[in-house]
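Residue-level structure breakdown
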Amino acid sequence: MIGRVSSFYAKRRSVVKGLNRNQVDATTRKTHKQRGTNLIGIIFSITFLFASSLLYFTGGTMFFTPDVKGTEVIISGATNGKSSDAVATAVATAARFNGDIGEGADKVWADLLKEGAQLMKNNEQTTLAAMEVGMHRATQCIEAARSNFEAYCLEPSPISFRRCEAGVQKVEKEVQDRIHLFNIAAGDSSGMVDFSSSGSTGDMVGGVGSNMWTMTKNQTTNNNNKSKNVVEVQSARLDDVIAENIPPSTDIFIAKIDVQGFEPHVFGGLSNSIKNAQIMFLLFEYWPKGMDFIMDEPFDGDGICKASVKILEDLLAAGYKLFALPHMVHPHSYSHSHTKQKNLPPALVGKKLKEVVGERPLGDIMANCKWYYKLEQDFFPQEDYFMGFWSDIVAVSPKAKFEPSTVTGRSIAEHLND
């Protein structure tokens, strides 16, 4: 344990109510006994690791990107011309989304860190915090600490958490001292939850039979039938984590949330902070199908998108402004720009994005959510791909303070009052 990483263990009892140190030790021993991966888990992990590597080495470029001036997106993956320097072709809307930002989450995260770092530089007495919920690796947490933020970073997977700890151990002591790691799952309550932990990007909250790749669940409740890679992990409300660990004098500049469809529960545990518009920038994955899967909502039922839309409604009610990032899809889908697309329907070959799917609706958040289902069901049905499509969203607090110095910052500032 290094720097302030170890400080979490001294505070764990207050963050997760009712759990004393002996119970923590017992939980740790239980987790070690449960660790391991069966053959299905290995295959699942390899699939996701391959996908992650593909996205990493291609810069995360997806087929579904908004039409930015100077770029024509073609279904076959080809493009005419190059993207302009503008981050966004913002679409002013009546009420819901303020704009459409044309960069991915990693770029937006990096730009907003620069905005916060500049704010601290211009105001030497200001200390800002950055939060990452769902790390997988320590890269972005370290990036925040190197930008002089106090970085509070959560990772529930025991395997991934060890990888994150190892990454932090390699950086300079000054940066380590600004990093606070939490081996917990963010949720809407404190306690213990089942977690599928293989160390891959597909790790998720869920127990027996939860398979996000096929979007299926085995309803068996017998603990003896649990997969070897399902462990129990601690869960805590982010409101409690913030209250117990971040000083009131420290403003939370940005929080990034990527939890494989568990977002409705995470935001449920962040309700106080949202009502108070306490976090200046919220950057989160918006995966309607994944959220409905976690919430046990039938994909063909009337309840689809309710959980997803509630997140946006709560943010809007607190005065946040919403900006949509590019649409994304897993590389296994034939709509992804880096697949060979042998199964591409003839009707889609050579077609431009708008010719096939039209504009993404930004003026109505329910229509926007259902549009992701429409992409899968009407435009890109595929017998061996079930995960659907998703995006990321930036929510900007009415209390946000920044002096725009990056492309992302200037784009947000330009359309903040649209």
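Residues numbered from 1 in each chain as written. Predicted model: local features only at pLDDT ≥ 70, side-chain atom pairs only at ≥ 80, totals over all residues. Heavy atoms only, no water.

**Observations regarding the overall build of the protein chain**
Going by this rule: By definition, any uninterrupted DSSP run of H or I lasting at least four residues is a helix, any uninterrupted run of E lasting at least two residues is a strand, and each is numbered from the N terminus. Three exposure classes are used, based on accessible area relative to the maximum for each residue type with a 1.4 Å probe and protein chains only: buried under 20%, partly exposed in between, and exposed over 50%. Note on contacts: a residue pair is in contact if any heavy atoms of the two residues lie within 4.5 Å. Here, Shrake-Rupley sampling with a 1.4 Å probe gives the accessible areas, and only protein chains in the shown set may cover a residue.
When its secondary structure is counted, the protein chain shows 15 helices and 15 strands. For the protein chain, buried positions account for 53% of its 418 residues. Considering only contacts in the protein chain between residues 6 or more positions apart, those separated by 24 or more positions represent 76%. Taken as a whole, the protein chain presents about 18,300 Å² of accessible surface, with 50% of it coming from carbon and sulfur.

**Concerning the nonpolar core**
To be explicit about the condition: Among buried residues, those of type Ala, Val, Leu, Ile, Met, Phe, Trp, Tyr and Cys that are joined through side-chain atoms within 4.5 Å constitute a nonpolar core.
Judged by nonpolar contacts, the single largest core of 70 residues is most densely connected at Leu282, Phe284 and Leu315. What leucine 315 contacts, discounting residues up to four positions off in sequence, is Phe267, Ile274, Leu282, Phe284, Tyr320, Leu322 and Ala395. One finds Ile101, Met120, Met135 and Cys141 within the second-largest nonpolar core, a separate group that totals 38 residues.

**A closer look at the confidence of the model for the protein chain**
This is how it is decided: You can read pLDDT as the predictor saying how much it trusts each residue, on a scale of 0 to 100.
Per-residue confidence for the protein chain gives a mean pLDDT of 75, with 67% of residues at or over 70. pLDDT under 50 marks residues 1-95. Its contacts with residues more than four places away, or in other chains, come to 196 contacts. The model gives residues 221-225 a pLDDT under 50, and that stretch makes 3 contacts with residues more than four places away or in other chains.

**A short note on the packing of aromatic side chains**
Under the convention used in this document: Centres within 6.5 Å make a pair out of two Phe, Tyr or Trp rings, where for Trp the six-membered ring is used; the pair is then stacked when the planes are under 30 degrees apart, edge-to-face when over 60, and tilted otherwise.
Tallied over the full model, the rule gives 8 aromatic pairs. Plain terms: the ring middles of phenylalanine 281 and phenylalanine 402 are 5.3 Å apart, the flat faces sit at 75° to each other, and that makes the pair edge-to-face. With phenylalanine 281 in strand E12 (residues 279-286) and phenylalanine 402 in the loop between strand E15 (389-396) and helix H15 (407-415), this residue pair connects regions lying 121 residues apart in the sequence. With a centroid separation of 6.3 Å and 70° between ring planes, the pair formed by tyrosine 286 and tyrosine 372 is classed as edge-to-face. With tyrosine 286 in strand E12 and tyrosine 372 in helix H14 (residues 365-379), the pair connects residues that are 86 residues apart, well separated along the chain. Residue tyrosine 286 shares its accessibility class with tyrosine 372, and that shared class is buried. What links up through ring pairs into an aromatic cluster is the set Phe149, Phe253, Phe281 and Phe402.

**Quick word on the state of the cysteines**
Formally: We call a pair of cysteine sulfur atoms a disulfide when they lie within 2.5 Å.
Per the counting criterion, the structure on display carries 2 disulfides. The disulfide bridge from cysteine 141 ends at cysteine 153, spanning 2.1 Å between sulfur atoms. Disulfide cysteine 141-cysteine 153: torsion about the S-S bond near 95°, hence right-handed. With a gap of 12 residues between them, cysteine 141 in helix H5 (residues 139-146) and cysteine 153 in strand E5 (residues 150-154) connect regions that are remote in the sequence. In this model, cysteine 305 is linked to cysteine 369 through a disulfide, with the two sulfur atoms separated by 2.1 Å. Sign of the S-S torsion, about -90° for the bond between cysteine 305 and cysteine 369, identifies this disulfide as left-handed. In this pair, cysteine 305 is assigned in the loop between helix H11 (288-294) and helix H12 (306-317) and cysteine 369 in helix H14, connecting sequence segments 64 residues apart. According to the relative accessible area criterion, cysteine 305 is buried, its value standing at 0%.

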